[in-house]
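Below are the chains, spelled out letter by letter.
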Amino acid sequence: VKIVRTIGELDHPDVVTGFVPTMGALHEGHLSLIRAARAECERVVVSLFVNPTQFGPTEDFTRYPRDEAWDGELASDAGADVLFSPSVEEIYRGRSTWVEVEGVSEDWEGARRPGHFRGVATVVAKLFNIVAPTRAYFGLKDYQQCRVIARMVEDLNIPVSLSFLETIREPDGLALSSRNRYLCPQERALAPLLYEQLLSASAKIRVGIDVDEAIGEAASQLEASGFNVDYFALVDGFTLQKLHRSEQDARLIAAAKLGQTRLIDNISLGT
Ligand code: PAF
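This is a predicted model, so every value here is computed, not measured. (Residues numbered from 1 in each chain as written. Predicted model: local features only at pLDDT ≥ 70, side-chain atom pairs only at ≥ 80, totals over all residues. Heavy atoms only, no water.)

What follows is about the layout of surface pockets. Considered as a void within the structure, the second largest pocket measures approximately 220 Å³ in volume. Lining the second largest pocket are 17 residues, and of these L48, F49, V50, R66 and S85 lie nearest its centre. (1 Å grid on protein atoms, 1.4 Å probe; cavity = no way out; pocket = protein on both sides within 12 Å on 5 of 7 lines; lining within 4 Å. Points joined across faces, edges and corners; volume = space filled by probe spheres on them.)

Structure below.
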């Protein structure tokens, strides 16, 4: 894999380019995106950039795991041609212009992490301009992020086609996340319950049990097991508006803290 650190060094050959933006700490979820890009594109660019503007002042920016050499090996094995690994200074020479995606970014993660989606949308817009990919790949685990980026690409007429790929899970159901490594063994043992309760609420809703009742039970189960539930909700899969009744494209989304670690997950109601 060719490691590129500056915008000027990144070339733009006239070939179908697949792009996988990441913050490093690569796991099987990222690698599935890189492999999909490899299968569909002539050239695969992976970015490795822990984006400071999407972290809140009390979040884990400084302790976010960083290991470029290891990530480079994993990305290369999965089929990346170029690893774009810029410094913060290279990306943010100035910080006056922001991309704010109204509506879809406001509730849920947006409400709990003020400024988060502004940081994500801004850096992804910048990376799209820097890399100029044909296609870009994101994981559905960050469901709201996928909707925010889709809205931005449409609203700003960014010429890239987006692929959103299924969440990769541990054998016990826990969605892969770079933050799972923060869990202590006891928390790790409890963590799959988040997905179990999403499945359980989904099954109840599908057999006609009242949405708010099914969600209330799932949230209580999680709380009783030691989770601190931030939200557990049924939402419209495009607008992210809260639903009280199931409809097509509905999505169950949840965020909960186990100790200091915040986990998020979601499933389509068809799952
Ligand atoms: O999902 C992530 O890892 C980040 O939010 C992204 C899309 C790379 C932007 O920094």
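Turning next to the site of the ligand. What surrounds the ligand is the set P21, T22, M23, N51, Q54, V123, V124, F138 and Q145. In the model, an oxygen atom of the ligand is placed 2.7 Å from a nitrogen or oxygen of the Q145 side chain. The residue inventory of the shell around the ligand, partitioned by class, reads five nonpolar, four polar and no charged. (Near = heavy atom within 4 Å. Polar contact = N/O pair within 3.5 Å; in protein donor to acceptor, adjacent residues only side chain to side chain. Nonpolar A, V, L, I, M, F, W, Y, C, P; charged D, E, K, R; others polar.)

Let us look at the pattern of salt bridges. Per the counting criterion, the structure on display carries 16 salt bridges. The partner of R179 in a salt bridge is D60, with the nearest N and O atoms 2.9 Å apart. Of this pair, R179 sits in the loop between β6 (161–165) and α7 (185–190) while D60 sits in the loop between β3 (43–48) and α2 (68–78), and the two are 119 residues apart along the sequence. Here D60 falls in the buried class, since its relative accessible area comes to 8%. Residues D142 and K141 are paired through a salt bridge, measuring 3.8 Å at the closest nitrogen-oxygen approach. Residue classification places K141 among the buried positions, given a relative accessible area of 14%. One continuous salt-bridge network, built from bridges that share partners, spans E109, D230 and R262. (Salt bridge = Lys/Arg side-chain N within 4 Å of Asp/Glu carboxyl O. Helix = DSSP H or I, 4+ residues; strand = E, 2+ residues; numbered from the N terminus. Buried < 20%, exposed > 50% of the residue type's maximum accessible area, 1.4 Å probe, protein only.)

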